[in-house]
Amino acid sequence: MESQMKCNMSEMWRSKMPSGMDLEISHHPIMKMKHVVNIIIAMERFKSSATESLLGTEFRDENLLNIMLDNIVEEQIVFERSSTPPAQFTWTGKELYNVTDSEKRSLILVQNSMELHAVMLQGGSDCQKVCLNMSTYVHPAPSSEARTVALNIKGKNLYLSCHKDGEGPCTLHLEAVEDSSLLNIASGSDMVRFLFNKQTTGLNITTLRSVPFNDWYISTAKQDKKPVEMCLETAQRHRTFNLDLALEAASECQVSPS
C-alpha cells in the first residue's frame, strides 16, 4: 500500500511539472504528514515559478537554484521551555534545646490557649518547661550571620509559625503538623511561615527572626507569665534567648493546664 501511495504521488506531481522537467521522490522512513503537506505546497510554488522562467529563456542550473531558494518552506519547531523549579530549603538535621529568655525565664505550653508563655520557674518545677527540637536548613541564599531553623515542641507535633494578615502585625502560632515531610520547604511557598533565622552573637545570645517577615522577632513580654509573641525591633519586649543543648533522655515537657 505504501509503495502504491508513493507511486501515485509521483505520477500526480510529474503531471504537474513543466515540460522538460522531472521529479524523483525517494522514500524516507520517518516522513510525517506535515512534511508531505510542505512538499505539496512547495511544488505548487515551484511549478508556478518554473513555468514563468521557462517561457522566456533557456533554463539553467542557476535558475533552478533560485527557484528552490525562493520557494523553501520553513518548518518551525517550537521547544517547550520548562520552568525553573523553585529554590529549596534543604533540611540538614535536628537538635534538642532548652530555651530561656534574657530574664532566665523558661517557656511553658499553656493547654487552654495553646500558647507558649515565658515563666520564672521555681525549684522543682523544671519538668514543666518546654524543650524545642530545632531543625536546621540550608537557605537558598545562605548567610554567614544566620541559620534557618524550624521549631517544634518536643514530644508533640506542634510547630511555631509566623502569620501576617494584610497590614496588621505578625502573630505567632502553634500549628499541628501530622506529616513532618511536609516541611521540605520551597522558597516562596506558604510553608516558609514555619522558618526562622537564628542568629547568635556574643555568649549564646540568640535572636529568632521570621524568614518571610524578616523585621519580626520571636519575643517575650517584660511581665512574667505572658504569651510569647512576634514583635518589631523597636518594641519594648525581650528579643534574645539562651539556647542550651538538652539531653534526649530528659523528662518529657509538661503542659500547664492554665
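Per an unreviewed UniProt entry, the chain goes by the name Interleukin-1 and belongs to Lateolabrax japonicus. The annotation that UniProt attaches to the chain under Sequence similarities (unreviewed entry) is "Belongs to the IL-1 family."

> I'd like a description of empty space enclosed by the protein, backed by residues and values.
Scanning the model with the defined rule gives 2 cavities of 30 Å³ or more in all. Roughly 50 Å³ of internal volume is contained in the largest cavity. In this structure, the largest cavity is lined by V99, L107, L116, L132, L151, L160, L208, I218, V228 and F241. Partitioning the lining of the largest cavity into residue classes produces 10 nonpolar, no polar and no charged.

> If you had to explain the pattern of salt bridges to someone new, which residues and values would you point to?
What the rule picks out here adds up to 4 salt bridges. In this structure, R193 and E175 form a salt bridge, with 2.8 Å as the shortest nitrogen-oxygen distance. With R193 in the loop between β8 (185-186) and β9 (195-201) and E175 in strand β7 (residues 170-176), this pair connects stretches of sequence that are 18 residues apart. With respect to class, R193 is no different from E175; both count as buried. With a closest N to O distance of 3.6 Å, E229 and R237 form a salt bridge. Residues joined in a network through salt bridges with shared partners are E175, D190 and R193.

> Please provide a residue-by-residue account of the pairing of strand β3 (residues 115-119), values included.
A regular strand places its side chains so that they alternate between the two faces of the sheet. By the criterion of burial, β3 is predominantly enclosed, with 4 of the 5 residues buried. The pairing of strand β2 (residues 106-110) with β3 spans 5 bridges and is classified as antiparallel. Across the sheet, residue L107 finds its bridge partner in β3, namely A118. Two elements, β3 and strand β12 (residues 226-227), share 2 bridges in a ladder whose sense is antiparallel.

> Can you explain the environment of V110? Please cite residues and give values.
Assignment of secondary structure puts V110 in strand β2. Sequence-wise, V110 and P227 are 117 residues apart; in three dimensions their C-alpha atoms are separated by 9.1 Å.

> Break down the environment of T136 for me, citing the residues and quoting the values.
Along the chain, T136 turns up in strand β4 (residues 131-138). Residue classification places T136 among the buried positions, given a relative accessible area of 12%. The spacing of T136 and F89 is 47 residues in sequence and 9.4 Å in space, taken between C-alpha atoms. Leave out the neighbours within four places in its chain, and T136 touches T90, W91, T92, G93, R147, T148 and V149. Reaching out from T136, the side chain makes a polar contact with the side chain of T92 at a distance of 2.7 Å.

> Talk me through the packing of aromatic side chains; I want residue IDs and the actual numbers.
This structure, assessed with the given rule, holds 1 aromatic pair. Where Y159 meets F194, the ring centres are 6.3 Å apart and the plane angle is 85 degrees; that geometry is what we call edge-to-face. One end of the pair, Y159, is in strand β6 (residues 158-164); the other, F194, is in the loop between β8 and β9, and 35 residues separate them in sequence. Across the pair, exposure class does not vary: Y159 and F194 are buried alike.

> Account for the side chain of R105, naming residues and giving values.
Mapping R105 onto the fold places it in the loop between β1 (88-101) and β2. Given a relative accessible area of 4%, R105 falls into the buried group. Ignoring sequence-local partners within four residues, the contact set of R105 consists of V99, T100, A118, V119, M120, T220, A221, K222, Q223, D224 and H238.

About the criteria used
- Residues numbered from 1 in each chain as written.
- Predicted model: local features only at pLDDT ≥ 70, side-chain atom pairs only at ≥ 80, totals over all residues.
- Heavy atoms only, no water.
- UniProt positions renumbered as here; feature names shortened; annotations may be inferred.
- 1 Å grid on protein atoms, 1.4 Å probe; cavity = no way out; pocket = protein on both sides within 12 Å on 5 of 7 lines; lining within 4 Å.
- Points joined across faces, edges and corners; volume = space filled by probe spheres on them.
- Nonpolar A, V, L, I, M, F, W, Y, C, P; charged D, E, K, R; others polar.
- Salt bridge = Lys/Arg side-chain N within 4 Å of Asp/Glu carboxyl O.
- Helix = DSSP H or I, 4+ residues; strand = E, 2+ residues; numbered from the N terminus.
- Buried < 20%, exposed > 50% of the residue type's maximum accessible area, 1.4 Å probe, protein only.
- Pairing = 2+ DSSP bridges.
- Contact = heavy atoms within 4.5 Å.
- Polar contact = N/O pair within 3.5 Å; in protein donor to acceptor, adjacent residues only side chain to side chain.
- Phe/Tyr/Trp six-rings, centres within 6.5 Å; stacked < 30°, edge-to-face > 60°.

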